[in-house]
Amino acid sequence: MTARRPAAGPPAGPPAGERIAAGFELENADAPLLHHGMNLADLAHLLDLSSAGVIPPDAARRLLALLLDTMDIPASDFPYDPASGELYNSRERYFVSRAGDVAGWLHAGRPRREALRVAFRLRLRRDLAYLIEAAAGLAAELARRAREHASTLMADQTYLQHAQPSTFGHYLLSFAFPVLRAGGRLSEALAWTDASPGGAGCVNGTRLRTDRGHVAALLGFRSVAEHTRDAMWQIDGLFDMVSAAAGLVVTQSKLAEDLEIWASQEFDYVTLADGYSRASVLMPQKRNPYALSIIRGAAGTLIGRLTGLLAVAKTPSARSDNLIFAYGEVPRALDLALRATRLTTGVVRTLEVNSGRMRAALEAGFSQATDLAEHIMQACGIDYRTAYRVVGHAVRQASAAAAAEITGRPLGLAGRDLSMVLDPWQIVVSRTTLGGAAPGEVTRMAGDAAAQASELAGEARRWRDSYQAAEDALVATARRTAAAAPGDLAAGGAGRFPAERRTR
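Residues numbered from 1 in each chain as written. Predicted model: local features only at pLDDT ≥ 70, side-chain atom pairs only at ≥ 80, totals over all residues. Heavy atoms only, no water.

Caption draft 1: Here's a closer look at the overall build of the chain. A tally of regular secondary structure across the chain gives 19 helices and eight strands. The contacts in the chain between residues at least 6 apart in sequence include a share of 78% that link residues at least 24 apart. Within the structure as shown, the chain displays about 23,900 Å² of accessible surface, and the carbon and sulfur contribution to it stands at 54%. (Helix = DSSP H or I, 4+ residues; strand = E, 2+ residues; numbered from the N terminus. Contact = heavy atoms within 4.5 Å. Areas by Shrake-Rupley, 256 points an atom, 1.4 Å probe, with all protein chains shown as cover.)

Right, dumping it as structure tokens:
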């Protein structure tokens, strides 16, 4: 009996309706996110084939002209049709309807997934640059308000309990630095993204395109993702960027939770500007901190998206499900982080700080207790644990007999002036150690944070400008090539990738 061979070759007939609904419709829904990048990827691919002499000159001109026309069609108007397959197949059907079999040259030396991977990275690098710039803007705003409130006294809190006298400026800076660190992690993710997978093929490259640096240069990538299988299927950088974006917004969520509590009538430390608040339709007295709810919800959503991405990616290598869902989820995660970060920046910029209420709450509490215990330790020559117990007992009992009950003898502090030890302002100005709450130190750190934010934002803008310049140059080259006389389409070296930037 002859053994049955496994089915092979492309399937015949139309796709099942359930397959269209559960697969192609979802993939095509992400087409607007990748549409522009697909156009650019196709232009670069055709120019590369033309430069290498792989594609006939007339076919190259016709296809380039068609692609240039396609760039003028918004994604919402392009005939993406799930019945034709995912977005690459929808584009292929459109090109065939316009140019016939000439459109088949687009497949030379490139599988559909390579086109999608290139388009995906083009989208992500733009999104990351905007998000990095927004993170830098938030850090700069936090630094500005920290300088403004370097002398605004408040009782810093742990577990929502008074801890020690501090300033609102020192408090704000505790968010500026993690925002900057998140921006740094996003910059590392951008470097990973900005490596071209062009020319990688399915797993082992193609003999039709020997210089992968050409496509990279045409698209403005700063490097080439070296190993072809790794370039086509790697996804670890996606984890990094979504994790960094989630961490950025989780930091903002912590600030938002504090501000929501402090904006309550019970605290009244801060007031959100009208533009970031919302009225109740039933209760006229209410002023809801709507913007803070959005920030907190965005953080939770991003945690879910990161978890989902990790779960989907836990497959054997070289599986499409690693990326089919990522094409939509990752850009949407970065967009949500961008919106939340811009919102938080606006909240911080317009926040009204009720310094009088902060000072009154500070003076009504016992946040000076730590400094008093340290003074007793030094002045009376007893260990800190004993001094701590004395002060803690005094706070608890508010009793003059506290020291005698703990130590069995008076401390000898009668008649001593403790006003300097108990004055919150004197406590704050004494914190001159590195990173402390003294106004001068807060002002110095705020300046450092502002400088780091400026550098981070400048770098992101420079990369964004370079991407736009590369795109403009690519389109200009495509227009010249499409309009060239038949004898002018010789293989050339314009736009070649410098050898020292070929790999990463």
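Picking up after the structure, the text goes on.
Caption draft 2: Looking closely at unusual backbone geometry. Positive phi, normally seen in glycine, also occurs at D268, with a value near 60°. Within the fold, D268 resides in the loop between α9 (236–262) and β5 (270–271). In this structure, A318 takes a positive phi of about 55° despite not being glycine.

Caption draft 3: Structural view of the environment of A246. For A246, the position within the fold is in helix α9. Since its relative accessible area comes to 5%, A246 is described here as buried. Through-space distance from the C-alpha of A246 to that of A333 is 8.3 Å; in sequence the pair is 87 residues apart. (Buried < 20%, exposed > 50% of the residue type's maximum accessible area, 1.4 Å probe, protein only.)

Caption draft 4: Quick look at the packing of aromatic side chains. In total, this model carries ten aromatic pairs according to the counting rule given. Taking the centre distance of 5.3 Å and the plane angle of 85° together, the rings of F267 and Y269 count as edge-to-face. The pair formed by F267 and Y269 is uniform in burial state, with each residue classed as buried. Aromatic pair W463 and Y467: ring centres 6.2 Å apart, planes at 20°, arrangement stacked. Of this pair, W463 and Y467 are both found in helix α19 (residues 439–483), four residues apart, which corresponds to roughly one turn of the helix. Residue W463 is classed as partly exposed on the basis of its relative accessible area of 24%. Judged by relative accessible area, Y467 falls into the buried class, the value being 7%. Through pairs of rings, three or more aromatic residues link up here, namely F168, Y171, F175, W262, F267 and Y269. Over the ring of W233 we find R117; its NZ or CZ atom is 4.8 Å from the centre of that ring. Between the NZ or CZ atom of R222 and the centre of the ring of W463, over which it lies, the distance is 3.6 Å. (Phe/Tyr/Trp six-rings, centres within 6.5 Å; stacked < 30°, edge-to-face > 60°. Lys NZ or Arg CZ within 6 Å of the ring centre and 35° of its normal.)

Caption draft 5: Representation of a negative patch on the surface. A contiguous patch of negative charge on the surface is contributed by E188, D230, D236 and D240. By the secondary structure assignment, D230 is in helix α8 (residues 228–233). (Patch = residues over 30% accessible without salt bridge, like charges linked within 9 Å, V, L, I, M, F, W, Y side chains within 5 Å. Salt bridge = Lys/Arg side-chain N within 4 Å of Asp/Glu carboxyl O. Lys, Arg positive; Asp, Glu negative; His and termini not counted. Charge placed at Lys NZ, Arg CZ, Asp CG, Glu CD.)

Caption draft 6: Broad picture of the nonpolar core. The biggest cluster of nonpolar side chains holds 123 residues, and the ones touching the most others in it are F168, L238 and M241. Residue contacts for L238: discarding those within four places in its chain leaves F120, L124, W192, L309, L323 and A326. With six residues, the next largest nonpolar core counts A225, A231, M232 and W233 among its residues. (Core = buried A, V, L, I, M, F, W, Y, C linked by side-chain atoms within 4.5 Å.)

Caption draft 7: Quick peek at the environment of P79. Topologically, P79 is positioned in the loop between α3 (57–70) and α4 (87–99). Between the C-alpha atom of P79 and that of Y94, which follows or precedes it by 15 residues, the distance is 7.3 Å. The contacts of P79, once residues within four sequence positions are left out, are S90 and Y94.

Caption draft 8: Broad picture of the side chain of S196. The topology assignment puts S196 in strand β3 (residues 195–196). Not counting residues within four places of it along the chain, the set of residues in contact with S196 comprises R212, V215, A216, F221, S223, V224 and A225.

Caption draft 9: Region of interest: the pattern of salt bridges. Considering all chains together, one arrives at 22 salt bridges under this definition. Between R125 and D194 there is a salt bridge; the shortest N-O distance is 3.0 Å. Linking R125 in helix α5 (residues 112–148) with D194 in the loop between α6 (168–193) and β3, this pair joins segments that are 69 residues apart in sequence. D194 shares its class with R125; the two are buried. By sharing partners, the salt bridges in this structure join E141, R144, R145 and E148 into a single network.

Caption draft 10: Focus on the packing of helix α2 (residues 31–51) against α19. Direction vectors running N to C along α2 and α19 enclose 50°, while the axes themselves pass 10 Å from each other. Relative to α19, the element α2 lies oblique. Crossing of α2 over α19 shows left-handed handedness. Across the interface between the two elements, H36, L40, L43, A44 and L47 of α2 pack against E471, L474, V475, T477, A478 and T481 of α19. Class assignment of the residues belonging to the contact of α2 with α19 gives a composition of seven nonpolar, three polar and one charged. (Axes fitted to C-alpha atoms, helices over the stretch in contact; angles between N-to-C directions. Parallel < 35°, antiparallel > 145°, perpendicular 65-115°, else oblique. Left-handed = near helix turned anticlockwise from the far one by under 90°. Nonpolar A, V, L, I, M, F, W, Y, C, P; charged D, E, K, R; others polar.)

Caption draft 11: Inspection of the side chain of N354 at higher detail. Mapped onto the fold, N354 is located in the loop between β8 (352–353) and α13 (355–364). A distance of 3.4 Å separates the side chain of N354 from the side chain of T271, its partner in a polar contact. If near-sequence neighbours (up to four positions away) are discounted, N354 is found in contact with D268, Y269, V270 and T271. (Polar contact = N/O pair within 3.5 Å; in protein donor to acceptor, adjacent residues only side chain to side chain.)

Caption draft 12: Broad picture of α3. With 14 residues, α3 extends 20 Å from end C-alpha to end C-alpha; this agrees with the ideal 20 Å at 1.5 Å per step. Those residues of α3 that are buried lie in contact with α2, α4 and α19. (Expected span 1.5 Å × (residues − 1).)

Caption draft 13: Here's a closer look at the confidence of the model for the chain. For the chain, the average pLDDT comes to 86, and 85% of its residues sit at 70 or higher. At the low end of the mean pLDDT range in the chain sits helix α16 (residues 402–407), at 54; at the high end sits α6, at 98. Contacts for the low-pLDDT stretch residues 490–504, under 50 throughout, to residues beyond four places or in other chains number 38 contacts. (pLDDT = per-residue confidence, 0-100.)

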